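Structural characterization, general
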Amino acid sequence: NDHNSLLNITKKIKAMGLLVESNKVLSEEIIKLKNIIFLVGNILISIIVFLAFISMAFGSVISVNNRFEYYKMLRILGASRIFIAFSIILKYAIIGVLAGGISILLFNEIFKQLINKFSLLSYFSITFLDGELKKNILVFSFLIPSISSFFGILRLYNHKELVID
């Protein structure tokens, strides 16, 4: 951190008996503000992930209910329950990864356009999503729909008509 480095240098210079003019309180306030913004950002991200999980779970239940006759026909034709479950999970995983990838591309393009339009390049040191964040977005785009699709699968397996052994 630049502020921590400044504070460390200030202490060392003061220890040498020299006078240093720096506003230590202001630097600490900036660090506190940065930490608060980081915390609020993480809380908002957690809320978004939770809402995405809930909406995908409801979506998978509704989708499975709407396609119940299709899955029943697959069972009659000999498809195993594992095959049907895997196809549902795979469908939602593919949709999630595609949505995550498209959202990364759109975010980068929109952010780039905003910075260029309002001449904000000098105010932003990070103008695009970094590799680690992109990877995390894609991982969550895969995991959230995949895990939440289990609710649709559970709903499907609770139907008495689907039990064909």
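I will try to describe carefully the structure that is included in this document. Just so it is clear, the model here is predicted, and its values are computed rather than measured.

This part is about the packing of aromatic side chains. This structure, assessed with the given rule, holds two aromatic pairs. Judged by centre distance (6.0 Å) and plane angle (80°), the ring pair of Phe53 and Phe151 falls under edge-to-face. Of the two residues, Phe53 is situated in helix 2 (residues 24-66) and Phe151 in helix 5 (residues 131-157); the sequence distance between them amounts to 98 residues. Judged by centre distance (5.4 Å) and plane angle (65°), the rings of Tyr70 and Tyr71 are edge-to-face. The ring centre of Tyr70 lies 4.4 Å from the NZ or CZ of Arg67, which sits over that ring.

Our focus in this paragraph is the environment of Ile84. Within the element layout of this structure, Ile84 appears in helix 4 (residues 81-117). A sequence separation of 13 residues divides Ile84 from Tyr71, and the C-alpha atoms of the two residues are 7.1 Å apart. Dropping the residues within four chain positions of it, Ile84 is found in contact with Tyr71, Leu74, Arg75, Ala79 and Leu156.

Looking at the element boundaries, Ser60 is found in helix 2. Ignoring sequence-local partners within four residues, the contact set of Ser60 consists of Tyr92, Ser148, Ser149, Phe151 and Gly152.

Calculation notes
- Residues numbered from 1 in each chain as written.
- Predicted model: local features only at pLDDT ≥ 70, side-chain atom pairs only at ≥ 80, totals over all residues.
- Heavy atoms only, no water.
- Phe/Tyr/Trp six-rings, centres within 6.5 Å; stacked < 30°, edge-to-face > 60°.
- Helix = DSSP H or I, 4+ residues; strand = E, 2+ residues; numbered from the N terminus.
- Lys NZ or Arg CZ within 6 Å of the ring centre and 35° of its normal.
- Contact = heavy atoms within 4.5 Å.

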